Each structure stands twice: as C-alpha cells, then as structure tokens.
Amino acid sequence: AQSVTQLDSQVPVFEEAPVELRCNYSSSVSVYLFWYVQYPNQGLQLLLKYLSGSTLVESINGFEAEFNKSQTSFHLRKPSVHISDTAEYFCAVTKAAGNKLTFGGGTRVLVKP
Amino acid sequence: DAGVIQSPRHEVTEMGQEVTLRCKPISGHDYLFWYRQTMMRGLELLIYFNNNVPIDDSGMPEDRFSAKMPNASFSTLKIQPSEPRDSAVYFCASRVHQETQYFGPGTRLLVL
C-alpha cells in the first residue's frame, strides 16, 4: 500500500514571495504522483501530475513539482504567489496504472498582502 | 462539458434518517469514485466502480453505507440510518481509463 505525508499543515506566505509545499510518499512499487488544489467550498482540481518521463512537471499557473525517487518526494513550488493561490493543496499517490488515489493530509496556503 | 455533478450540495438531517447522495459522472468516463472528507481523517476513498460494477468497497465504513451505480450516468451513496459522525463532505469523482480523476463540487452533510 502507498502512503503520503505532507509535512506542513499550514503555510502562511506573503504575496509575491516563493512557496514550497513538501510531500513525501511511501511505496514499494512504481507510482504516479499528483497535486490537487481545493479552493474554499469547492471540489478538488488537478494542478499537475507525474506519470513518467521528465521529473520536473509544471502547471499552467506557475506551479512546478519535481519527482525525486531517491528521496521519495514530490515537493510543490511556486516562485511568486498571488492572493488567488490561497487554497488547500493535496498531494496524492497511486501505484503506476492503479486506480486508488491515496491523499496526504493537505497543506493550507494563506497568501497575505 | 458540465463536469461531475453532485446533488444535493448541502444536506442537513437528523440522526436516524436515511440520506441519499447523488452523482452524475462526466459522460464517457468509465470509473466512478466516492470519497469522504473530514477534518479528522482527511480524504478517504469509500468505494469505486468500473463500468458500473463495484470494484473495491473496502473503504466503506460500515453496513450503514451502501453505493450503487445502476447505469453509466448515475450513482448513489446511501447512509441508513445516519449518525452525527457521518457529517462530512462527500465527493464523487470520475475518470476515463488511466487518466486524471475529475472531482465534483461535493455534498456537505450535517447529521444532527
């Protein structure tokens, strides 16, 4: 079975500052990794995913994450955040080509002006 | 595309009552997932279907919970009888083959 640990439950950050959200996973098999974002009172939206190939993946709104197999990590970064990035972010893992997503506990990002 | 549709968006009921949550997946998607989100336990997968057939219900908390998918465009999650500890946000998600899961807006359930 897979497991996911998001080390920070809350991350306050000032607007235009960089942010990093940490995610570590545990699995004995190859995995797919995902970051989802949940805005207040909404469902989860996919931010980016790693399935194979380049270990650096990017989203359309400036986020990026790097798959590090040796450290079993998939940290999410953004060089300059906006107020609109205030949300909860979830890291998730599934075994490669599997069906069951396992989510981390989530990290709340609060962007302050 | 309208995305995954869930109804109702909010439900308030009294302990002991039957609750039925509904989900319409994205057309053409062959997998459907039900999740529960609580502060204490985070996001948990309850059950998922493939081509309308339940594949894994190991996350269903107890016999009070049941889920059905009578056709490719509709699924229900039923709680009977409901208890206060069932209060949570319930999400439905769907996907096609091995692609990304798309989540609905959720149903916020409060059992008094």
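Up top you'll find the structure we're talking about.
All values derive from a computational prediction rather than experimental measurement.

Got a sec to walk through the overall build of chain A? Specific residues and values, please.
Secondary structure summary: chain A contains 0 helices and 12 strands in total. If one aligns the C-alpha atoms of chain A with their principal axes, the spans along those axes are about 40 × 30 × 25 Å. In chain A, buried positions account for 47% of the 113 residues. Counted over contacts in chain A with a minimum sequence separation of 6, partners at least 24 positions apart contribute 57%. Summed over its atoms, the accessible surface of chain A is roughly 5600 Å², and 50% of this surface lies on carbon and sulfur atoms. Side chains of chain A give 9 positive and 9 negative charges; the mean places of these two sets differ by 12 Å.

Please set out the nonpolar core residue by residue, giving values where relevant.
If you look at the biggest cluster of nonpolar residues, it comprises 28 residues, and the most contacted ones within it are Trp35(A), Leu48(A), Phe74(A), Leu76(A) and Tyr89(A). When residues no more than four places from it in sequence are discounted, the contact partners of Phe74(A) are Cys23(A), Leu33(A), Phe34(A), Trp35(A), Leu48(A), Lys49(A), Tyr50(A), Val57(A), Ala65(A), Glu66(A), Phe67(A) and Cys91(A). Val4(B), Val19(B), Leu46(B) and Ile79(B) belong to the second largest nonpolar core, which has 21 residues in total.

Pulling in residues and values, what's your account of the interface of chain A and chain B?
Of the residues lining the interface, 16 residues belong to chain A; the matching set on chain B comes to 21 residues. For the pair chain A and chain B, the summed buried surface comes to about 1500 Å²; carbon and sulfur atoms form 49% of the total. In terms of surface lost to chain B, no three residues of chain A exceed Leu44(A), Asn99(A) and Lys100(A), which account for 36% of the buried area on that side. Summed over the shared surface of chain A and chain B, the result is 1 salt bridge. When the shortest N-O distance is used, the salt bridge between Asp56(B) and Lys100(A) registers 2.9 Å. Here chain A and chain B share 7 residue pairs in polar contact (both at pLDDT 80 or more) between them. Every element with two or more residues in the side of chain A that touches chain B is listed here: strand E5 (31-38) and strand E6 (44-50) of chain A. Element by element, the count of residues in the side of chain A that touches chain B is highest for E6(A), at 3 residues.

Tell me about the sheet that holds strand E1 (residues 5-7) of chain B, and please be specific about residues and values.
The strands making up a sheet are joined through hydrogen bonds of the backbone, oriented either antiparallel or parallel. Residue and element names in this part refer to chain B. Reading across from one edge, E1-E3-E8-E7 is the order of the 4 strands in this open sheet, with antiparallel pairing throughout. The open sheet has two edge strands, E1 and strand E7 (65-71), and neither has a second partner. Taken pair by pair, the neighbouring strands of this sheet meet at an average axis angle of 15°, ignoring direction. Looking at chain direction, E7 and strand E8 (residues 74-79) are connected through 5 bridges and run antiparallel. Paired with Phe-65 across the two strands is Ile-79, which belongs to E8.

Requested: an account of the state of the cysteines, with residues and values cited.
Residue and element names in this part refer to chain A. What the rule picks out here adds up to 2 disulfides over all chains. Covalent S-S linkage joins Cys-23 and Cys-91, the inter-sulfur distance amounting to 1.9 Å. Between Cys-23 and Cys-91, the S-S torsion sits near -65°, and that sign places the bridge as left-handed. One end of the pair, Cys-23, is in strand E4 (residues 23-26); the other, Cys-91, is in strand E10 (residues 87-95), with 68 residues separating them in the sequence. Accessibility assignment for this pair places Cys-23 and Cys-91 in one class, buried.

Describe unusual backbone geometry, with residues and values.
What you tend to see is this: most non-glycine residues have negative phi, and most peptide bonds are trans. At the junction of Ser7(B) and Pro8(B), the peptide bond is cis and its omega measures out at -10° in the coordinates. Of note, Pro8(B) is situated in the loop between E1 and strand E2 (10-13). Following Gln80(B), the chain continues to Pro81(B) via a peptide bond in cis, the omega torsion being -5°. Residue placement: Pro81(B) occurs in the loop between E8 and strand E9 (88-95). Here Thr72(A), not a glycine, exhibits a phi torsion of approximately 45°, which is positive. Here Thr72(A) shows up in the loop between strand E8 (64-68) and strand E9 (73-78). Of note, Asn51(B) is a non-glycine position whose phi angle comes to about 50°, a positive value. Looking at where Asn51(B) falls in the secondary structure, it is placed in the loop between strand E5 (42-50) and strand E6 (53-56). Judged by relative accessible area, which is 49%, Asn51(B) ranks as partly exposed.

What counts and how
- Residues numbered from 1 in each chain as written.
- Chains lettered and ligands numbered in written order.
- Predicted model: local features only at pLDDT ≥ 70, side-chain atom pairs only at ≥ 80, totals over all residues.
- Heavy atoms only, no water.
- Helix = DSSP H or I, 4+ residues; strand = E, 2+ residues; numbered from the N terminus.
- Buried < 20%, exposed > 50% of the residue type's maximum accessible area, 1.4 Å probe, protein only.
- Contact = heavy atoms within 4.5 Å.
- Areas by Shrake-Rupley, 256 points an atom, 1.4 Å probe, with all protein chains shown as cover.
- Lys, Arg positive; Asp, Glu negative; His and termini not counted.
- Charge placed at Lys NZ, Arg CZ, Asp CG, Glu CD.
- Core = buried A, V, L, I, M, F, W, Y, C linked by side-chain atoms within 4.5 Å.
- Buried area = accessible area lost by both parts, 1.4 Å probe.
- Salt bridge = Lys/Arg side-chain N within 4 Å of Asp/Glu carboxyl O.
- Polar contact = N/O pair within 3.5 Å; in protein donor to acceptor, adjacent residues only side chain to side chain.
- Pairing = 2+ DSSP bridges.
- Axes fitted to C-alpha atoms, helices over the stretch in contact; angles between N-to-C directions.
- Disulfide = S-S within 2.5 Å.

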